[in-house]
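# A closer look at the structure
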Amino acid sequence: MKIIVATGNKGKLKEIKEIFSEYEIISNKEAGFDIDIEEDAKTFEGNALKKAKAIIEGYDGPAVRVMEVCGTHTHEIFHLGVRKILPPQVELISGPGCPVCVTPAGFIDEAVWLALEKNVTICTFGDLVRVPGSTKSLADARSLGGKIQMVYSPMDAFEYAKEHKDEQVVFLSVGFETTTPASCLSVKMAKEAGLTNYALLTANKTMPGAYEMLKDSADVFLYPGHVNAITGNALNRKLCEEEGISGIVTGFTASEILTAFAVLLKKFPEGNPFFVNAYPRVVTEEGSIPAQKLIKEWMEPCDSQWRGLGMIKNSGLRLRKEAQDFDARVKFSIPKMEGRTSPACRCGDVLQGKCRPTDCKVFGKGCTPLHPIGACMVSNEGACSAYYQYNSRGE
């Protein structure tokens, strides 16, 4: 692994090379960042931030469209004021990396049906409760007598089922590679405990298919570091080498995000597809092998419907046949539900980078966090939620 150290101080560089002897350590100038900034900050991180900020503000290259795939990146970029220092050539696009935002209306319809028709206790993350289905949300189902239990993790749902064996409990398993292992673990533990009242309603998704679908929507993807912490970097490297999709993995702190922008603004004008792991303290090449094994043991790929994007081949995960006792669709014979979204909502266009949230006619009017029409306004990771929260403050 090659690590770029943001210093021209030979003494510092020598010391760092001795500490991290197992890595290839190079200076910012050796990496092509030929910029002299006075190192007068009190910390090493402070000096690195100064240099990254100088590179970003001094960018005079071609226009570049950067898609923040993850909703947390969207919110942090707003929160940290990163947009204020980006040059006009850099356009930020919010992508489909919010699990609640891409969960289809049909999935909500299934959960509502389970709650109202089968008297199932639905365990769910809180931000799914107000996501609109075709006609009702889970909040509506709760007002009609459905039992909706908010939890913080699949393990909470497992514990609830263990303590309430007189209730049939279904956990709404949504999310990407980061949350899927915990859902698999809850099924494994339920099987070991002999629970017959626990099941998953799955809408788990994987990102590579979405990257391929959206490759023409952006020039560079800002990859979410917590996803790559599970998957590793092989898939992103393959997308770069075979599909020409450029991207950079980063974390969520100010220094990590600014470093990512500094690196991508250095690499993009070179004109070649690139992939960079700018989050090496968390993301390794191989990712989390135990998490990958857990997913493979309990789930298998399937075609999946994404709200606003449609059906993407092999972009979903479902429980394997051996685990069908814990598959809510099989266990309760859920009828097929297509799902319908409001024609006024432009979440699909937002998720594909075709428009900004503020371009939607109902944004901030008929659609607000208190009264959402689309899923992107509901979730704390949603692009519309971020634009509403920060744009309303003039940011």
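Above this text you will find the structure in question.
Since we're looking at a predicted model, the values are computed, not measured.

Rules used in this analysis
Residues numbered from 1 in each chain as written. Predicted model: local features only at pLDDT ≥ 70, side-chain atom pairs only at ≥ 80, totals over all residues. Heavy atoms only, no water. Helix = DSSP H or I, 4+ residues; strand = E, 2+ residues; numbered from the N terminus. Buried < 20%, exposed > 50% of the residue type's maximum accessible area, 1.4 Å probe, protein only. Contact = heavy atoms within 4.5 Å. Salt bridge = Lys/Arg side-chain N within 4 Å of Asp/Glu carboxyl O. Pairing = 2+ DSSP bridges. Core = buried A, V, L, I, M, F, W, Y, C linked by side-chain atoms within 4.5 Å. Phe/Tyr/Trp six-rings, centres within 6.5 Å; stacked < 30°, edge-to-face > 60°. Lys NZ or Arg CZ within 6 Å of the ring centre and 35° of its normal. Axes fitted to C-alpha atoms, helices over the stretch in contact; angles between N-to-C directions.

### Some words on the environment of Met311
- Within the secondary structure, Met311 is located in strand β13 (residues 310-319).
- Relative accessible area serves as the criterion here: at 52%, Met311 is assigned to the exposed category.
- If near-sequence neighbours (up to four positions away) are discounted, Met311 is found in contact with Asp303, Ser304 and Gln305.

### Quick word on the pattern of salt bridges
- Taken as a whole and judged by the stated rule, the model has 12 salt bridges.
- Across the pair Arg65 and Asp219 runs a salt bridge whose closest N-O atoms are separated by 3.3 Å. Of the two residues, Arg65 is situated in strand β3 (residues 64-70) and Asp219 in the loop between α10 (208-213) and β9 (220-224); the sequence distance between them amounts to 154 residues.
- Using a relative accessible area of 28% as the deciding quantity, one classes Arg65 as partly exposed.
- The exposure class assigned to Asp219 is partly exposed, which follows from its relative accessible area of 26%.
- Residue Arg83 is joined to Glu68 by a salt bridge in which the shortest nitrogen-to-oxygen separation is 3.5 Å. Of the two residues, Arg83 is situated in helix α4 (residues 82-85) and Glu68 in strand β3; the sequence distance between them amounts to 15 residues.
- What you see here is one network of salt bridges that share partners, running through Glu300, Arg318 and Arg320.

### A look at the pairing of strand β12 (residues 299-306)
- The pairing of β12 with β13 spans 7 bridges and is classified as antiparallel. Counted as the bridge partner of Pro301 is Leu317 from β13.
- The antiparallel pairing of β12 with β13 creates a hairpin that spans 3 residues between the two strands, and Gly308 there sits at a positive phi of about 85 degrees.

### Re the nonpolar core
- Of all hydrophobic cores here, the largest spans 89 residues; its most connected members are Leu114, Val170, Leu172, Tyr198 and Leu201.
- When residues of this core are assigned to their parent elements, the largest contribution, 6 residues, is made by helix α6 (residues 105-117).
- The contacts of Tyr198, once residues within four sequence positions are left out, are Pro154, Ala157, Phe158, Ala161, Val169, Phe171, Ser186, Val187, Ala190, Asp325, Phe326 and Lys331.
- With 26 residues, the next largest nonpolar core counts Val64, Leu86, Leu92 and Phe261 among its residues.

### Side note on the environment of Asp166
- With respect to the element layout, Asp166 can be found in the loop between α8 (154-163) and β7 (169-175).
- Distance from Asp166 to Glu15, taken between C-alpha atoms, is 63 Å for residues 151 residues apart in sequence.

### Considering the packing of aromatic side chains
- A complete count under the given rule lists 9 aromatic pairs for this structure.
- Here Phe78 and Tyr390 contribute two aromatic rings whose centre-to-centre distance is 5.3 Å and whose plane-to-plane angle is 5 degrees, an arrangement assigned as stacked. Residue Phe78 is found in helix α3 (residues 71-79), and its partner Tyr390 is found in helix α18 (residues 383-391); the two are separated by 312 residues along the sequence. As far as burial versus exposure is concerned, Phe78 and Tyr390 are alike and both buried.
- Through a chain of ring-to-ring contacts, the aromatic side chains of Tyr211, Phe221, Tyr223 and Phe275 assemble into a single cluster.
- A cation sits over an aromatic face here: Arg83 above Phe78, 4.2 Å from the ring centre.

### Brief notes about the sheet that holds β7
- With mixed pairing, the 6 strands of this open sheet are ordered in space as β6-β5-β7-β8-β13-β12. Of all the strands in the sheet, just β6 (148-150) and β12 have a single pairing partner and so form its edges. Geometrically, the sheet is characterised by an average inter-axis angle of 25 degrees between neighbouring strands, direction not taken into account.
- As paired strands, strand β5 (residues 121-124) and β7 are joined by 3 bridges and run parallel to one another. When the sheet's bridge partners are listed, Ile122 is paired in β7 with Val170.
- Together, β5, β6, β7 and β8 (198-205) form the strand contacts of α8, whose direction differs from that of β7 by roughly 175 degrees.
- Contacting β7, β8, β12 and β13, helix α9 (residues 180-193) crosses the sheet at an angle of about 160 degrees to β8.

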